[in-house]
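Listed here are the chains, written in short residue letters.
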Amino acid sequence: MIDCIVIGGGAGGLAAAIEIKRLGHNVLLIEREDKLGGILNQCIHNGFGLEIFKEEYTGPEYADKYIKLFLREKINYLIDTTVIDLYKEEDIFIVKTSSETLGIREYKSKSICLSTGSYERTRGQISIPGDRPYGVITAGSAQRYINIDGYMTGKRVFILGSGDIGLIMARRMTLEGAKVLGVAEIMPYSNGLNRNIVQCLNDFDIPLYLSHTVTNIKADDSNHLKEIRVMKVDDSFNVIKDTEIDFQVDTLLLSVGLIPDIILLDQLDVEIDPLTKSVKVDQSNQTSIEGLFVCGNALQIHDLVDNVSKESQRTGKAIDLYLRNTNHSNKKISFIPGVNIAYLTPQYIDFSNPNEKVVVSFRPKKKIEKSLLKVIQNDRIVYEKKKMFLLPAEMETIELDILHFDENQPITLELEVIS
Amino acid sequence: MYDYIIIGAGVIGSAVARELSKYQVKVLCLEKENDVANVQTLANSAIIHAGHNPEPGSLKARLSLWGNLLYDDLERELNIPLLRTGAFVVAHGKEEEKDLDKYVKICKENKVPGYQLLSGQQARKIERNLAGSITKVLSLPSTKVTNPWEVAFALMENAIENGVKLKLNHRVTKIIKENDFYLVEVNHHINFKTKNIINAGGVASDDIGQMIEIPPFKIKGRKGEYYVLDKRNIGFINHVIYPLPSERGKGVLLTPQVHGEILIGPSSEFVDDKHQASTTQKGLEYVKEHSKELAKNIPYNQIIRSFAGIRSTSTYDDFYIQESKYNKGFYYLGGIESPGLTAAPAIAKYLINDVIGVQNHYLINNQFKPYRKAKVEFHRLPLNDQKRLLEIEPKYGKIICKCEKITEKEIIDAIHGLLGTHTIKGIKKRVRAGAGICQGGYCEEKVMKILARELNLDPLDIIYDKDNSKLFLSESKVEK
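Because the structure is predicted, anything quoted here is derived from the model rather than measured. (Residues numbered from 1 in each chain as written. Chains lettered and ligands numbered in written order. Predicted model: local features only at pLDDT ≥ 70, side-chain atom pairs only at ≥ 80, totals over all residues. Heavy atoms only, no water.)

So, the domain arrangement of chain A
All names here are of chain A. Its domain assignment divides chain A into domain 1 (1–117 + 261–326), domain 2 (121–256) and domain 3 (329–418). Using only C-alpha atoms to locate each centre, domain 2 and domain 3 end up separated by 35 Å. If you look at the interface, domain 2 gives six residues, while domain 3 gives four residues. Taking both sides of the interface into account, the surface hidden between domain 2 and domain 3 amounts to around 420 Å²; carbon and sulfur atoms contribute 64%. Across the contact surface, domain 2 and domain 3 share zero salt bridges. Taken together, the links from domain 2 to domain 3 amount to zero residue pairs in polar contact (both at pLDDT 80 or more). Grouping the amino acids of the side of domain 2 that touches domain 3 by side-chain chemistry returns two nonpolar, four polar and no charged. (Domains from an automatic or database assignment. Contact = heavy atoms within 4.5 Å. Buried area = accessible area lost by both parts, 1.4 Å probe. Salt bridge = Lys/Arg side-chain N within 4 Å of Asp/Glu carboxyl O. Polar contact = N/O pair within 3.5 Å; in protein donor to acceptor, adjacent residues only side chain to side chain. Nonpolar A, V, L, I, M, F, W, Y, C, P; charged D, E, K, R; others polar.)

This is the structure in structure tokens:
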């Protein structure tokens with residue numbers, strides 16, 4: 001019997017597995033690609049590791065640091081292996097895998113750490129009208145084609161969505177000799193980190209069209225992308241007449257959001273948060289199913305890999321506690337996103353959990369210059385802090401001490417805008 | 001010299017090819033696209049209709065009722081996917097209920113099996129998400145759903161096994177009538193001789209006719225736009241849900257698909273360019289708006305794709321299945337719009353047996369093999385079968401498309417099959433790699449590499465869909 005199966009060998013899975021193993025448990029990590037490191041392997045730009053290593057690394061370098069730590073721990077792992085089924089029988093999780101070398105196997109485990117990352121929203125999900133040519137691809141796919149496989153999809157590029165991968169690809173494709181004609185963002189503010197706006201757009205004179213979106217796509221005779229139409233939108237995202245700008249491009253990159261990949265949990269009756277599009281968790285990152293933990297981008301979309309590593313390490317520690325503690329009584333109360341909060345994790349606080357410090361992550365709903373962050377219980381402000389320059393593109397974290405709260409009443413987090 | 005040249009390899013051309021292969025005839029099928037089932041057959045609702053709509057006595061009525069029955073044979077012989085969903089035609093309030101009676105009458109005259117009227121309440125007991133405003137429902141239990149291009153593949157593969165020749169990327173550019181045969185010019189430079197021509201050109205069937213005469217009908221393109229709901233919503237509805245039909249056609253429907261998705265659509269709008277199936281803001285909004293009348297709480301946030309198809313509506317108000325009045329041996333299959341997919345197997349039999357009377361001129365093909373082996377859908381097999389197959393073929397263990405659980409071996413088989421393929425889209429059509437929620441975001445690169453390896457191609461030559469729709473422009477970091 002395995003103590004914990006970690007699904008996913010990217011930043012989250014590696015950090016969690018290392019921690020669980022160090023704390024004395026046997027771990028099996030399963031990765032579907034033929035190497036560890038996950039999406040970091042295709043992120044060859046720098047900017048990784050500042051928080052954890054106080055030094056700037058590229059994605060593969062950052063991955064390499066963790067892979068070395070992982071290998072040193074002699075943790076069992078499988079690569080080139082896809083988990084095709086995950087279910088629970090009484091107290092035991094059954095993980096069914098498929099691979100070319102081992103065929104179909106089943107592994108039993110006391111706990112699961114799901115660290116499967118996210119997938120990119122596609123054109124279909126945002127229903128851009130027009131023809132359906134090749135050349136409309138997600139920014140992450142283009143990143144893999146260029147950085148890992150060594151192929152350019154085109155030379156005249158437009159980018160829809162100002163997510164970080166889109167911005168980084170604007171720079172990347174420029175450096176590879178393509179002409180990036182612009183980035184359109186439907187929101188009135190960018191969805192990427194400020195440093196990426198500066199370093200990837202401004203430094204290369206790539207225009208950012210805020211409150212704009214792509215409204216039509218045209219193909220050439222061989223069904224390759226030929227032209228896109230960009231239009232301005234109003235406050236309710238309706239397109240404004242006579243604002244058309246047409247761009248002749250052969251590539252449209254989509255950077256329109258990441259969605260936590262929790263498809264593996266489909267068969268488990270696990271509680272979902274429509275705001276994060278992932279599971280609801282307590283401060284251990286334990287889901288509504290006992291023994292099932294989720295971390296990394298599978299839990300919530302992070303801006304920085306450093307935060308993924310930290311969150312996953314915390315999850316590893318929590319899994320250790322779970323495995324050592326046979327008495328799993330819990331006393332959960334809701335932690336609710338209030339005014340101006342787009343989402344928060346954890347969605348529950350478990351008062352039977354000896355972790356008194358609760359790390360809360362959240363994003364504001366809109367751009368806020370000055371605000372008062374309040375944690376409220378029974379109409380009483382339990383915690384208060386000034387917060388400046390909040391952006392939906394930047395995840396915020398605070399630490400709460402649960403000793404200050406009543407164990408029976410829901411808690412709300414809100415942002416009061418002050419001038 | 002061929003006995004028959006079929007122009008067009010959609011579901012109709014493919015059905016005709018298979019039916020002809022039951023005789024000792026030399027048949028060639030010419031397709032302008034680089035794959036079978038690339039136009040009308042690729043983009044429609046996938047329904048095998050019960051027959052509540054076509055005018056009693058029309059060819060549409062007769063052939064769709066018969067075709068519906070023939071799909072059971074196709075399932076048995078060719079292993080096509082078939083969902084026996086049944087359908088509900090729904091009415092809101094007294095006015096519409098009166099209209100519903102009109103369709104009850106059509107059902108009676110067309111001898112639609114098992115049709116029945118239900119109250120809104122009764123219907124909601126069966127379909128819990130049906131809109132609350134629905135007061136009466138016409139239930140059509142013989143309605144089924146299939147996958148149109150898989151049907152075309154199955155028919156064409158079986159036809160090829162029985163001797164039919166198929167040539168893709170062969171666009172007919174000219175037809176010349178000689179004394180007792182036709183010269184069919186393809187791509188402006190190749191010529192084929194044939195005694196008979198079967199024009200299954202779909203939206204281009206009038207243009208093909210135009211090559212030798214003034215065709216008896218004109219094709220108008222009618223565009224239908226659709227949304228696809230992710231297969232995680234399987235069971236949201238289990239029947240095909242129709243509104244009351246109108247002059248615009250059968251209206252916006254909800255249709256469960258064989259692989260678990262739900263289609264919402266189509267819109268219906270005449271278009272000038274019948275070769276251009278693009279979606280529009282207006283069309284997609286129309287679909288959303290009208291679908292709300294059918295069911296409550298449709299999870300529009302679970303849409304994974306939208307697409308459009310062109311229906312070839314002819315100026316003749318029925319299927320036009322006749323020999324040319326001026327050119328003997330030239331046969332029209334025109335205006336095959338809905339219920340064309342339903343009628344397809346019956347259209348083929350009607351053309352071959354009744355219109356042409358092939359049996360009067362040619363001997364039966366005694367070697368005809370009616371059965372086609374099902375393709376392996378590995379992750380739908382029982383565990384024991386999986387383990388047995390894995391021992392022979394470890395590549396069944398390698399998952400390439402994780403959304404649809406498609407293995408490398410299935411992709412390799414699709415590349416080298418009877419109807420092999422060299423495109424990303426071709427793989428998607430054959431094995432569904434890339435058809436799931438991430439729409440190929442994860443597996444497209446892997447499929448590209450398998451295609452390159454299996455076909456011994458440079459990745460720079462891998463194409464997405466149509467020839468020249470290459471994935472890549474150049475290698476990065478290479479000066480050329």
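Looking at the interface of chain A and chain B
In this complex, chain A contributes 43 residues to the contact, which on the side of chain B involves 57 residues. For the pairing of chain A and chain B, the buried interface totals around 4300 Å² over both sides, and the portion due to carbon and sulfur atoms is 51%. It is Glu100, Arg132 and Tyr151 of chain A in chain A that bury the most area against chain B; as a group they hold 17% of the surface buried on that side. The set of elements that each furnish at least two residues to the side of chain A that touches chain B consists of strand 6 (81–89), strand 7 (92–99), strand 8 (103–114), helix 4 (123–126), helix 5 (139–149) and strand 11 (151–152) of chain A. (Helix = DSSP H or I, 4+ residues; strand = E, 2+ residues; numbered from the N terminus.)

Description of the pattern of salt bridges
Side chains carrying opposite charge are able to pair once their charged atoms draw close together. Residue and element names in this part refer to chain B. Taken as a whole and judged by the stated rule, the model has 59 salt bridges over all chains. Here Arg388 makes a salt bridge to Asp385, at a shortest N to O gap of 3.9 Å. A residue pair is termed a helical-turn pair when its members lie 3 or 4 positions apart in one helix, as Arg388 and Asp385 do in helix 9 (residues 383–392) at three residues. Asp385 gets classed as partly exposed once you look at its relative accessible area, which sits at 28%. (Buried < 20%, exposed > 50% of the residue type's maximum accessible area, 1.4 Å probe, protein only.)

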